Amino acid sequence: MSSHNVLNTRQEPVSIPGDRINAFADSLRGRLLLPGHDDYETARTIWNAMIDKRPALIVECAGVADVMLAVRFGREFDLLTAVKGAGHNIAGNAVCEGGLMIDLSGLNAVHVDPRARRAHAEPGATLGDVDHETQAFGLAVPTGINSTTGIAGLTLGGGFGWLTRKHGVTVDNLLSADVVTAEGQLVRASVDENPDLFWGIRGGGGNFGIVTSFEFALHPVGPEIFAGLIVFPFSQAKSVLQQYRAYAPTLPEEANTWAVLRKAPPLPFLPESVHGTEVVVFANFCAGPAEEGEKLVAPIRAFGTPVGEHLGVMPYTAWQQAFDPLLTPGMRNYWKSHNFTELADGLFDTVIDTVLQAPSPHCEIFIGMMGGAYGRVAMDATAYTQRDAEYVINVHGRWETPAGDEAGVNWARAFYRNAAPFATGGVYVNFMPADEADRVAGGAYKPEVLDRLRNLKTTWDPTNFFRLNQNIQPA
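Here the structure is a predicted model, which means the values were calculated and not measured. (Residues numbered from 1 in each chain as written. Predicted model: local features only at pLDDT ≥ 70, side-chain atom pairs only at ≥ 80, totals over all residues. Heavy atoms only, no water.)

A. Structural view of the overall build of the chain. Across its full length, the chain carries 13 helices and 20 strands. Its C-alpha radius of gyration of 22 Å places the chain within 12% of the 23 Å reference for a compact globule of 475 residues. Each of the three principal axes of the chain carries a C-alpha extent, and together these read 70 × 55 × 40 Å. Per-residue burial over the chain gives 58% buried out of 475 residues. Pairs at least 24 residues apart make up 72% of the contacts formed inside the chain by residues separated by at least 6 positions. In the chain, 36 side chains carry a positive charge and 52 a negative one; their mean positions are 3 Å apart. (Helix = DSSP H or I, 4+ residues; strand = E, 2+ residues; numbered from the N terminus. Rg over C-alpha atoms; globule rule 2.2 N^0.38 Å. Buried < 20%, exposed > 50% of the residue type's maximum accessible area, 1.4 Å probe, protein only. Contact = heavy atoms within 4.5 Å. Lys, Arg positive; Asp, Glu negative; His and termini not counted. Charge placed at Lys NZ, Arg CZ, Asp CG, Glu CD.)

B. Spotlight on the side chain of threonine 155. Take threonine 155: it is sitting in helix α5 (residues 151–157). Separated by 2.7 Å, the side chain of threonine 155 and the backbone oxygen of isoleucine 151 make a polar contact. When neighbours within four sequence positions are excluded, threonine 155 is seen to be in contact with Thr170, Val171, Leu174, Ile201, Gly203, Phe214 and Phe216. (Polar contact = N/O pair within 3.5 Å; in protein donor to acceptor, adjacent residues only side chain to side chain.)

C. Up close: helix α4 (residues 127–134). For α4, the complete set of buried residues consists of Leu127, Val130, Asp131 and Thr134. Projected down its long axis, α4 shows its buried positions confined to an angular sector of 95°, all on one face. Those residues of α4 hidden inside the fold are in contact with β7 (110–113), β8 (118–121), β9 (139–140), α5 and α10 (316–320). (Arc of directions from axis to C-beta.)

D. Up close: the pairing of strand β20 (residues 391–399). Summarising burial for β20: 9 of the 9 residues are buried, a large majority. Burial of the side chains of β20 extends over both faces: Tyr391, Ile393, Val395, Gly397 and Trp399 are buried on one face and Val392, Asn394, His396 and Arg398 on the other. In the sheet, strand β18 (residues 332–340) pairs with β20 via 9 bridges, with the strands oriented antiparallel. The residue of β20 that forms the bridge with asparagine 333 is arginine 398. Pairing geometry for strand β19 (residues 364–369) and β20, over 6 bridges, is antiparallel. Paired with glycine 368 across the strands is valine 392, a residue of β20. (Pairing = 2+ DSSP bridges.)

E. The packing of aromatic side chains, seen in detail. For the structure on display, the rule yields 25 aromatic pairs. Ring plane angle 80° and centroid distance 5.4 Å describe the contact between tryptophan 335 and phenylalanine 431, whose orientation is recorded as edge-to-face. Taken together, the residues span a long stretch of sequence, with tryptophan 335 in strand β18 and phenylalanine 431 in the loop between α12 (405–419) and α13 (447–460) at a distance of 96 residues. With centroids separated by 5.1 Å and ring planes inclined at 70°, the aromatic side chains of phenylalanine 465 and phenylalanine 466 adopt a geometry described as edge-to-face. (Phe/Tyr/Trp six-rings, centres within 6.5 Å; stacked < 30°, edge-to-face > 60°.)

F. Focus on the nonpolar core. Counting residues in hydrophobic clusters, the biggest one holds 119 residues, and the most contacted among them are Phe160, Ile201, Phe282 and Trp319. By size, the runner-up hydrophobic cluster in this structure holds 28 residues, among which are Val6, Leu57, Cys61 and Ile210. (Core = buried A, V, L, I, M, F, W, Y, C linked by side-chain atoms within 4.5 Å.)

G. Here's a closer look at the packing of helix α11 (residues 345–356) against α12. At a minimum axis distance of 10 Å, the contact between α11 and α12 shows a crossing angle of 170°. By the criterion of interaxial angle, the relationship of α11 to α12 is roughly antiparallel. For the pair formed by α11 and α12, the contact residues are Leu347, Thr350, Val351 and Thr354 on the first element and Trp411, Phe415, Asn418 and Ala419 on the second. Residues that form the contact of α11 with α12 fall into these classes: 5 nonpolar, 3 polar and no charged. (Axes fitted to C-alpha atoms, helices over the stretch in contact; angles between N-to-C directions. Parallel < 35°, antiparallel > 145°, perpendicular 65-115°, else oblique. Nonpolar A, V, L, I, M, F, W, Y, C, P; charged D, E, K, R; others polar.)

H. Geometry of the pattern of salt bridges. Under the criterion given, the structure shown has 24 salt bridges. In this structure, the salt-bridge partner of glutamate 183 is arginine 75, at a minimum N-O distance of 3.5 Å. With glutamate 183 in the loop between β10 (174–180) and β11 (186–190) and arginine 75 in helix α3 (residues 64–76), the pair connects residues that are 108 residues apart, well separated along the chain. Between glutamate 253 and arginine 376 there is a salt bridge whose closest N-O contact spans 2.6 Å. In this pair, glutamate 253 is assigned in the loop between α8 (237–247) and β15 (255–263) and arginine 376 in the loop between β19 and β20, connecting sequence segments 123 residues apart. Assessed through its relative accessible area of 56%, arginine 376 is described here as exposed. Here the residues in one salt-bridge network are Glu41, Arg44, Asp52 and Arg54, joined through shared partners. (Salt bridge = Lys/Arg side-chain N within 4 Å of Asp/Glu carboxyl O.)

I. Representation of the sheet that holds β11. Pairing is antiparallel across the open sheet formed by 5 strands, whose spatial order is β7-β8-β12-β10-β11. The open sheet has two free edges, formed respectively by β7 and β11, since each of these has just one partner strand. Ignoring strand direction, the axes of neighbouring strands in this sheet form an average angle of 15°. Sheet topology note: the β10/β11 ladder contains 5 bridges and is antiparallel. Of the residues in β11, the one forming a bridge with valine 180 is leucine 186.

J. A look at the sheet that holds strand β16 (residues 278–286). With antiparallel pairing, the 7 strands of this open sheet are ordered in space as β17-β14-β16-β15-β19-β20-β18. This sheet does not close on itself; its edge strands, each paired only once, are β17 (308–315) and β18. Shown here is a sheet whose adjacent strand axes are inclined to one another by a mean of 15°, direction ignored. Pairing between β15 and β16: 9 bridges, direction antiparallel. Residue pairing in the sheet places leucine 261 in a bridge with valine 280 of β16. Seen against the sheet, helix α9 (residues 290–301) touches β14 (224–233), β15, β16 and β17 and runs at an angle of roughly 10° to β14.

None of the figures reported here should be taken as evidence of function without further support.
Below, the structure is given as structure tokens:
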């Protein structure tokens, strides 16, 4: 094999001798893929189709040893290095142009200890993988709302969903992690071992190393829960959102209701006349008995005149997959997000106007409700610091072809600008696209926490080897 050009961290080509690449490939239990390999195109493809990058080298890791070898190889040549879990993150940092991609997607095992109520998950596992194993025992870890999301990226950024009000964010339930450092060494992070690193990976993203195993605390949930949708016509949007604002604080912590505003997909419980028109959807969840769930949704029905509903007892795993059809891979995606302590009438006007101007039928805005256990954790207890948020609003710009890029991006950015006066200034790091590096300081991380994160980065990754993320610079 002749020499191979790979970009280093300064975006300069480095010529690596072919025999060195051969030796590296032979040292792996997994595979080393180069452009032209039959599986290269599949390996470099991630969820967000707007990200179209071609790594020079892809390491498909078969175990922790491969991860360590890949990091050491990258460090040896100072290579631009991306780390892929499930490849679902909006920013697309799982893949890089011309550098080294460390692919963890094959490491997707989940092991459950039902007696201890503990689960160990590898970094390539999806939320669906985790739910499948834990729900066999009627247990769950609080995660997100889309089953194809990767557990690694979700956890490292914080992680919230239907169970957050009852059991906190995902990192509040993380007990320990095995981490491959920038030196290619494996360490354990927990409250007792490397507690500074444990603090940092709970919200600090992939800045400090590659987690090869997550240990979670589990909670009794399901296997059946009460959940479903109540849909209102858009003509009632302002009124039903105002009533939702008054209703939300009355919910017990085992329940949650999110609002989704978009064009109605062709759901079978909606009249055909509603398909393709703007609607307000209330997505309701209750981990308690069905009778309690029925009582909780009764006031929502009275917000106005619904055009359809689909509610009832269902498997928790089914509800976790309910929104998957709206978030399939292969579409082009651009997001903008804000945190809020309250929902003002002016904000509702902004949301309504934005939805009416959506450039694609796949675009949507959701209002996620926090509170409960989410807000009872001290701001500095973890690197995830957005505990003052009562609501998170994310605008999903989503369309099919490159021709829609300008309109889709501009639409999301317009919402961001117009909603900013009502927001806290904070943002959930997992909802930040690649062009929001300026929001890392002060937005994703409060200033006093960012200083601590920068010092931690200096300790664990002083050369900023792990830089393809929402990056925290060394102090």
